[in-house]
Structures are given as C-alpha cells and as structure tokens.
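Structure at a glance
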Amino acid sequence: MNLQSIIEKAWENRELLQQEEAQNAVKEVVNQLDAGNLRVAEPAEDGWQVNEWVKKAVVMYFPIARMETIEVGPFEFHDKIPLKKNYAQKGVRVVPHAIARHGSFVAEGVIMMPSYVNIGAYVDSGTMVDTWATVGSCAQIGKDVHLSGGVGIGGVLEPLQAAPVIIEDNAFIGSRCIVVEGVRVGKEAVLGANVVLTASTKIIDVTGNEPRELKSYVPERSVVIPGSYTKKFPAGEFQVPCALIIGKRKESTDKKTSLNDALRTHHVAV
C-alpha cells in the first residue's frame, strides 16, 4: 500500500497506529513535510487543493510520538516534536529565540525573527516572520510575505479545523493581525494593524457605491483595515468587529514601493 492508503486506514481505525507499518507511514509523511516534498495544501489550477490525508498524518503523529527532553545550550524543552536543524545549509536566517518544529518547511531566504512555526506549516522563500509572530500548524505562507510583529496565523489542530490558513505571495500582514479558521488572503493584499479575520468575520468591500460582503477570503491586492458594524441583540444594539476593504494595492514590479504607496494612500497603520 502507498502512504496515503496506510494513513487513511489508520485514520478510520486508530488501533492500527499500534502497528509499525502505520507508525512508519505517519513519520514518513512528517519527514516529507519537513523537506517540503509534501504539503497540507498546495496551489491548483482552480484555486487551492487541501490534501486531507496529509493533515490526518500530522494529527496522528502526536499519539505515536514520545515525550523527550531537548537541550539547546542552557535551555531545556520537553516535547514530542524535535526542532528543525541545519538552518545554514537551508539558507535560512534564524534570530534567537526563533523556533520551528520538525515537520514544518522553511524555504531558503526566509528570515525568522524571534517567532514560532508549527508542524505542518509551509513558509516559502523570501518571507519575513517578524518578532513574536506565530505560524500555526499546517498554515501555508507564500513567497515574499511579511508577517509583522505579533501576527497570529492560526493552525488546524487546536481545535481541529477543516482547512488551513493560506497567505499568498507578496501579502503584507500588519502588526497584531490575527488570521484563523481557514481564511485565505490573496496575493499582494495588505492587512493594516489589528485586522482580525475568522471564518465568520464579515469582510466588507466599501470601495463601490454599495457595500459588498465576503467571508473567509481577502481578494488579491486588497487594502484592509479594521472596522465595525451595528448588530442588534436582545440587550440592545452594539458594534461588532469586521474588516473593511478600502482600496486596491497598485500593480507594480517593485512590491516594496507599491506597498508604501498603498499605506500612504489609504492611511493604513502597520
């Protein structure tokens, strides 16, 4: 049987995880994720394809992994998942105290400030994971993305989510933004500081004559800021958070210039 078949059978019958074949299959999937040969989600012609069987292997890795003590200089950790190694060989800059777990893929040219990348995540080349930013389990981060200070990219494990968060190429995620529950941020989009996106968050395009409501997806090159709308409750009317699309980032071969223009034009804080 191939890896996928073994994983699917073990997912349906967890008693199979006690067998060497299933354990080896789960570990091999995690090793392939670590090397970037497998992904939990990947671009396809009609959008993104989620490889459910790969995500299942990540979930099943925890019950078969054993707690071990990991010593890094004067620091000590006690966990089931080892840390990534050989950053110099991978061409990745890692600033203390940045941590990436085994089973995550971090491409050449990535810069990790003191931050955290969880198992199953994919961080593509040229991306900056800034100070205290977190990349959750199985999240997919594209090329030349900037995750600003304190950004929280959600995972799929706690609680178990159907789809991973996807941040596409050249997106800029401003300080203290939160993106969770399978939300996808399109290419070159700009999220201003403190934007919170969940599966139920209203994303409202206010650039036209009438508002246009979206959920779980920020279109390419959108410039987004935090907003609110009025909602009625039994106790009265209150303001509920939302996200407002207030413009478009200009197309440009120089992405940094384009980003600065977007921020200045729309007075977006990052």
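In this report, the structure presented in the accompanying data block is examined. Computed from a predicted structure; not experimentally measured.

Pairing within the open sheet is parallel, and its six strands lie in the order β6-β9-β12-β15-β18-β21. Edge positions in the open sheet fall to β6 (99-100) and β21 (196-197), since each of these has one partner strand only.

Right, let's talk about the sheet that holds strand β23 (residues 212-214) for a bit. Within the open sheet, the 10 strands sit side by side as β5-β8-β11-β14-β17-β20-β25-β26-β22-β23. Their pairing is mixed. Pairing within the sheet leaves two strands with one partner each, and these edge strands are β5 (93-94) and β23. Pairing between strand β25 (residues 222-233) and strand β26 (residues 236-248): 12 bridges, direction antiparallel. Pairing of Ser228 across the sheet is with Pro241, part of β26.

This part covers the packing of aromatic side chains. Across all of its chains, the model carries two aromatic pairs by this definition. Between the aromatic rings of Phe105 and Tyr122, the centroid separation amounts to 4.8 Å while the plane-to-plane angle is 35°, which identifies the pairing as tilted. With Phe105 in strand β7 (residues 105-106) and Tyr122 in strand β10 (residues 122-123), this pair connects stretches of sequence that are 17 residues apart. Across the pair, exposure class does not vary: Phe105 and Tyr122 are buried alike. For Lys202, the ring lying beneath its charged end belongs to Tyr229, and the centroid distance is 4.3 Å.

Quick look at unusual backbone geometry now. Going from Pro96 to His97, the amide bond is cis rather than trans, its omega being 5°. As for its placement among the helices and strands, His97 is situated in the loop between β5 and β6. Of note, the phi angle at Arg176 is positive, near 65°, even though the residue is not glycine. Mapped onto the secondary structure, Arg176 falls in the loop between β17 (172-173) and β18 (178-179).

This next bit is on the pattern of salt bridges. For the coordinates displayed, the defined rule picks out eight salt bridges. A salt bridge links Lys202 to Glu213; its shortest N-O distance comes to 3.8 Å. A residue pair is termed long-range when its members are at least 10 positions apart, and Lys202 in the loop between β21 and β22 (203-205) and Glu213 in strand β23 qualify at 11 residues. Judged by relative accessible area, which is 44%, Glu213 ranks as partly exposed.

Turning our eyes to something else, we now look at a nonpolar patch on the surface. The grouping of Val72, Phe75 and Phe77 at the surface amounts to a nonpolar patch, some 240 Å² of accessible area in total. Within the secondary structure, Phe77 sits in strand β4 (residues 75-79).

Along the chain, Val183 turns up in the loop between β18 and β19 (184-185). Assessed through its relative accessible area of 0%, Val183 is described here as buried. Through-space distance from the C-alpha of Val183 to that of Ile153 is 9.6 Å; in sequence the pair is 30 residues apart. If we ignore the near neighbours within four places in the chain, the residues touching Val183 are Val165, Ile166, Leu197, Thr198, Ala199 and Ser216.

Cut-off values and rules
- Residues numbered from 1 in each chain as written.
- Predicted model: local features only at pLDDT ≥ 70, side-chain atom pairs only at ≥ 80, totals over all residues.
- Heavy atoms only, no water.
- Pairing = 2+ DSSP bridges.
- Helix = DSSP H or I, 4+ residues; strand = E, 2+ residues; numbered from the N terminus.
- Phe/Tyr/Trp six-rings, centres within 6.5 Å; stacked < 30°, edge-to-face > 60°.
- Buried < 20%, exposed > 50% of the residue type's maximum accessible area, 1.4 Å probe, protein only.
- Lys NZ or Arg CZ within 6 Å of the ring centre and 35° of its normal.
- Salt bridge = Lys/Arg side-chain N within 4 Å of Asp/Glu carboxyl O.
- Patch = residues over 30% accessible without salt bridge, like charges linked within 9 Å, V, L, I, M, F, W, Y side chains within 5 Å.
- Areas by Shrake-Rupley, 256 points an atom, 1.4 Å probe, with all protein chains shown as cover.
- Contact = heavy atoms within 4.5 Å.

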